[in-house]
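Residue-level listing of the chains:
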Amino acid sequence: MKTIITFFRLLKTAFILARHDALIPAEYARNVPMFMRFVGWFSRLFAVRDRAKNPGERFARALETLGPAYIKVGQILATRSDMLDPEFTRGLSRLKDQVPAFSRDKAVELIEKEFGKPWKELFTTFSEPKAAASVAQVHKAALLDGSVVAVKILRPNIHTDMAKDMDVLRMAASLGEFFVPASRRLGPKLFVKTAARAVMLELDLRLEAAAASELSEAAEDTGLFRVPNIHWDFSSKNVLVLDWVDGTAFSSDELLTGPKIERPALAIKVIQSFLTCAFDYGVFHADMHEGNLIVDADGELVLIDFGILGRLSEAEQRFHAEILYGFLKRDYQRIAEIHFEAGYVPANHTVEDFASALRAVGEPIFGKTSDQVSMAKVLLQLFEITEIFDMQMQPQLIMLQKTMMQAEGVARRLDPAFDMWEASRPVVEASLRRELGAEGRIADFMTDLRRAQKTLRAMPDAADNVAALAKAWAAGEVDLSKPANNTKPRAVSKGVVWAAIVAVTTLAGVWAVGQL
Ligand SMILES: Nc1ncnc2c1ncn2[C@@H]1O[C@H](COP(=O)(O)OP(=O)(O)O)[C@@H](O)[C@H]1O
Ligand SMILES: [Mg+2]
């Protein structure tokens, strides 16, 4: 029964996409099998609502209509220019995460239900909504002890709504893998699974509170940024209470005009706090867009919104620091070796070829400030290289690069002459010095012994497989006469597929007649 209901929801989704010519956008029709091309052509009969030229933008508009789960998935897709058409992801990145707020009364009702007492016993004041996004909204309030706080509340019914939408996306991914074999390379089912997990994590605000407290350790140690204090006693799965931050939001125009704001210094803080967290603490704020950054009255950088946290294992921290360092030193051979050591590049390529591809990216930008170089373009070039060299992109690596791009964009807006390399150099050097310095050297012998093993363990499965395969290959243990076990056909029940075809055609017919 649930499958049927999900299926009908999927149909509705398909129709809304079709209305925006985003089901199989005309621009991509020739990349799909004949049958899908027909579906695309047919769906365009209904495409009346959206004439945007960019297919990503049309897709974004459709997702906004479809609701929170789709918006979240769209945001994740927008960061994947490594596997999707960059033109498409550019359009998709215009996706708006703003939805109408629910009322203050409703918010108060939710709070009272959550804590089992009248709101007056928790707060002295409680404002109208200050900001509303797809999963939560924020109110300003005062606690009985006088602290001024931000109260973040999840939307009512968000858990069930998300679960339903995720079922639909799972079904769509299965059907997609079945009908469009080319899509399998992108692993839509795995993508939906990972996205669903990321989204579900955002739906428990206790995890956000924990993330905030984890980052606050790095903040205190380094003094580069600040994290508002969390009020754990007033926080639960659906409600998060943290100190209200007074200051200038990075998204406001005042950021660029305010007389007291030291913009170049602030730009450096943005980059350095991100890199320090990533390379020295292995944990970083992975959503550093302007809505989540504030500069307070003392000129301190304050981070808010800890829904997405990036993590790097020890091996990955060192790996990424070495890569950046390699670029700073223009030591492309070393960067290439690191990639091979970590098993990121399959062993059928040579270190030298890879090094010269990296040189092609690195040399033109060396010594230029970031107003002359677009980091986004550099990353795109790097992604192209990953494709040529059959590299499996690691989700953490993508997240790190995406956040670096975000942070660089923010820094550059603050200071048009901002120099990304100069700002990152001290952090990267310090991080490597610590690894290789006095204590580092003593530990190095043991580390080197353990390193290969540790790196392998730290990499997620894909790289693991590549590295293991490379090793086995070198040892002559690979038997090509046996099929690899990851090529087994994807399981989608034939019944569902046929039901899908019949139902789509029937409903489309009914719809078409209704339109006449
Ligand atoms: N502690 C805070 N102090 C001041 N404003 C805040 C605070 N927390 C959130 N806000 C405001 O609410 C907005 C949304 O909060 P945020 O935590 O970023 O939620 P979302 O996950 O929905 O983006 C922020 O962009 C900011 O304007
Ligand atoms: Mg936010």
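Refer to the structure printed above.
Residues numbered from 1 in each chain as written. Chains lettered and ligands numbered in written order. Predicted model: local features only at pLDDT ≥ 70, side-chain atom pairs only at ≥ 80, totals over all residues. Heavy atoms only, no water.

Visitor: Now, about helix α8 (residues 188–202): what can you tell me, with residues and values included?
Guide: With 15 residues, α8 extends 21 Å from end C-alpha to end C-alpha; this agrees with the ideal 21 Å at 1.5 Å per step. Within α8, the full set of buried residues consists of Pro188, Phe191, Val192, Ala195, Ala196, Val199 and Glu202. Seen along its axis, α8 keeps its buried residues to an arc of 130°; they face one direction. Set apart from the buried face of α8 by more than 90 degrees, the exposed residues are Leu190, Lys193 and Arg197. Tucked inside the fold, the buried residues of α8 contact α4 (68–78), β3 (148–154), α7 (158–179) and α9 (205–222). (Helix = DSSP H or I, 4+ residues; strand = E, 2+ residues; numbered from the N terminus. Expected span 1.5 Å × (residues − 1). Buried < 20%, exposed > 50% of the residue type's maximum accessible area, 1.4 Å probe, protein only. Arc of directions from axis to C-beta. Contact = heavy atoms within 4.5 Å.)

Visitor: Could you give an account of the site of ligand 1, with specific residues and numbers?
Guide: In the vicinity of ligand 1 lie 13 residues, with Lys152, Asp243, Val245, Gly291 and Asp305 positioned nearest. Taking Asp305, its side chain carries an N or O atom lying 2.9 Å from an oxygen atom of ligand 1. Within the complex, the protein chains bury 82% of what would otherwise be the 540 Å² of accessible surface of ligand 1. Of the residues assigned to the shell around ligand 1, the class counts are 8 nonpolar, 2 polar and 3 charged. (Near = heavy atom within 4 Å. Polar contact = N/O pair within 3.5 Å; in protein donor to acceptor, adjacent residues only side chain to side chain. Areas by Shrake-Rupley, 256 points an atom, 1.4 Å probe, with all protein chains shown as cover. Nonpolar A, V, L, I, M, F, W, Y, C, P; charged D, E, K, R; others polar.)

Visitor: Describe the coordination of the magnesium ion (ligand 2), and please don't skip the residues or the numbers.
Guide: Listed as protein donors to the magnesium ion (ligand 2) are Asn292 (OD1) and Asp305 (OD); their distances from the metal cover 2.2 Å. Placement of Asn292 in the loop between β6 (283–285) and β7 (293–296) and of Asp305 in the loop between β8 (301–303) and β9 (309–311) is noted, with a sequence separation of 13 residues between them. On the accessibility criterion, Asn292 (4% relative accessible area) is buried. Since its relative accessible area comes to 22%, Asp305 is described here as partly exposed. (Donors = N, O, S within 2.8 Å, 3.2 Å for Na, K, Ca; no water.)

Visitor: An account of the packing of helix α12 (residues 314–329) against helix α13 (residues 332–341) is requested, with residue identities and associated values reported.
Guide: For the pair α12 and α13, the least separation of the axes is 8 Å and the interaxial angle reads 160°. The angle between the axes of α12 and α13 places the two elements in the roughly antiparallel class. As α12 packs across α13, the resulting crossing turns out to be left-handed. Residues Phe319, Glu322, Ile323, Gly326 and Phe327 of α12 touch α13, and the partners they reach there are Tyr332, Arg334, Ile335, Ile338 and His339. Considered class by class, the residues forming the contact of α12 with α13 number 6 nonpolar, 2 polar and 2 charged. (Axes fitted to C-alpha atoms, helices over the stretch in contact; angles between N-to-C directions. Parallel < 35°, antiparallel > 145°, perpendicular 65-115°, else oblique. Left-handed = near helix turned anticlockwise from the far one by under 90°.)

Visitor: Outline the sheet that holds strand β4 (residues 239–243), supporting the account with residue identities and numerical values.
Guide: A sheet is described by the order of its strands in space; here 4 strands give the open sequence β1-β2-β3-β4, paired in antiparallel fashion. Lying at the two open borders of the sheet, with one neighbouring strand each, are β1 (123–132) and β4. Ignoring strand direction, the axes of neighbouring strands in this sheet form an average angle of 25°. Looking at chain direction, β3 and β4 are connected through 5 bridges and run antiparallel. Residue pairing across strands places Lys152 opposite Leu240, the latter belonging to β4. Here helix α6 (residues 104–115) sits on the sheet and contacts β1, β2 (136–143), β3 and β4; the angle it forms with β1, its principal contact strand, is near 120°. (Pairing = 2+ DSSP bridges.)

Visitor: Any details on the pattern of salt bridges? Residues and values, ideally.
Guide: In total, this model carries 23 salt bridges according to the counting rule given. Lys152 serves as the salt-bridge partner of Asp305, at 3.4 Å between the closest nitrogen and oxygen. Of this pair, Asp305 sits in the loop between β8 and β9 while Lys152 sits in strand β3; the two residues are 153 residues apart in sequence, bridging distant segments of the chain. With its nearest N and O atoms 3.9 Å apart, the salt bridge here joins Arg425 to Glu429. Residue Arg425 and its partner Glu429 are located together in helix α17 (residues 420–436), separated by 4 residues, close to a single helical turn. With a relative accessible area of 22%, Arg425 lands in the partly exposed category. On the basis of relative accessible area, Glu429 is assigned to the partly exposed category, the value being 23%. (Salt bridge = Lys/Arg side-chain N within 4 Å of Asp/Glu carboxyl O.)

Visitor: I'd like a description of the sheet that holds strand β5 (residues 247–249), backed by residues and values.
Guide: The strand order β5-β7-β8 describes an open sheet built from 3 strands, whose pairing is antiparallel. Lying at the two open borders of the sheet, with one neighbouring strand each, are β5 and β8. Within the sheet, the average angular offset between the axes of one strand and its neighbour, ignoring direction, is 30°. Where β5 lies against β7, 3 bridges are found, and the strand directions are antiparallel. What sits directly across from Ala249, in β7, is Ile294.

Visitor: Let's hear about the pairing of β7: which residues, and what values?
Guide: Residues Leu293 and Val295 point to one face of β7 and Ile294 and Asp296 to the other, with burial holding for every one of them. Judged from the 3 bridges that link them, β7 and β8 form a sheet pairing that is antiparallel. If you follow Val295 over to β8, its bridge partner there is Leu301. Adjacent in sequence and paired antiparallel, β7 and β8 are bridged by 4 residues, among which Gly299 carries a positive phi angle near 80°.

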